Amino acid sequence: AMMLAASVQTATHVEWKNEKAVVHCDKADEWDKNMRIDDALTWNNRPTACWEHAKMVSIRLPKAPTDWSTHTHVRLFMHSAVKTGSGFIIMLDSDDPASGGHDYYHLRFPINWEGWKEFRIPLRKIGPARNPLGYDKITSVQFIAQGWDYTPDPRAVIHFGDISFIDSEEYMMTEEEFFDALDFGNPGLE
């Protein structure tokens, strides 16, 4: 009983709030001009943006915000038809001309899933390469399927739902919330 009481005191819950769109999946002008809006595969009853790696090794988001410091996370919904073993990165350009190299933030996405998957990525996990100017000084947002040990796989087709910023806020659960969250059908908790 003492161990359970300690668990109750330290249990936290994450609340997601303040969602703000980065790009909408069904608005062609918010995506690279080579992207295809696909009516066949939908997300929330809307067409999706389709990226075929065999046709384009990289795409840009021309209308993405330049300030990525306003929220704690970026939220992406992506669909992969096949687990290819290949992958891609997201690159947030934030080049400092005085540094003598290309400065950016990046994160790898191995294509190790099938179907729809939601990603909630803390911005601090989109790590720096060299000396980027800051998350508030993003000059370009790209997805790249070549380099960083990745080779485009012709089977790789990624469909995007909306991409948005979102904030997480942790708060201490009450005893009632904690016990409501337990599944007493699991062995040992009956």
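**Q** For this particular structure, what's the right way to read the nonpolar core?
**A** The nonpolar side chains of soluble globular proteins are, as a tendency, buried together. W51, W68, F88, F143, F160 and I163 are the most contacted members of the largest nonpolar core, which totals 35 residues. Mapped by element, the contributors of at least two residues to this core are β1 (12-23), β3 (46-52), β5 (73-80), β6 (87-93), β7 (104-110), β8 (115-122), β10 (140-144) and β11 (157-172). A per-element tally of this core places β11 first, with four residues. Every residue in contact with F143, bar those within four places of it in the chain, is listed here: W51, V57, S58, I59, L61, L76, F88, I89, I90, F160 and I163.

**Q** What is the right way to look at the side chain of H79 in this model?
**A** Tracing the chain through its elements places H79 in strand β5. If near-sequence neighbours (up to four positions away) are discounted, H79 is found in contact with L41, W113, G115, W116, V157, I158 and H159.

**Q** When you look at the packing of aromatic side chains in this model, what are you seeing that I'm missing?
**A** The description of an aromatic ring pair rests on the distance of the ring centres and on the angle between the ring planes. The full count for this structure, using the stated rule, is 13 aromatic pairs. Taken together, a centroid distance of 5.1 Å and an interplanar angle of 55° make the contact between F143 and F160 tilted. Of the two residues, F143 sits in strand β10 while F160 sits in strand β11, which places them 17 residues apart along the sequence. The exposure classification of F143 matches that of F160, with both residues buried. Chaining the aromatic ring pairs together yields one cluster made of W31, W51, F88, F109, W113, F119, F143 and F160. The residue whose ring lies beneath R108 is Y150, and the NZ or CZ to ring-centre distance is 4.4 Å.

Cut-offs applied
- Residues numbered from 1 in each chain as written.
- Predicted model: local features only at pLDDT ≥ 70, side-chain atom pairs only at ≥ 80, totals over all residues.
- Heavy atoms only, no water.
- Core = buried A, V, L, I, M, F, W, Y, C linked by side-chain atoms within 4.5 Å.
- Buried < 20%, exposed > 50% of the residue type's maximum accessible area, 1.4 Å probe, protein only.
- Helix = DSSP H or I, 4+ residues; strand = E, 2+ residues; numbered from the N terminus.
- Contact = heavy atoms within 4.5 Å.
- Phe/Tyr/Trp six-rings, centres within 6.5 Å; stacked < 30°, edge-to-face > 60°.
- Lys NZ or Arg CZ within 6 Å of the ring centre and 35° of its normal.

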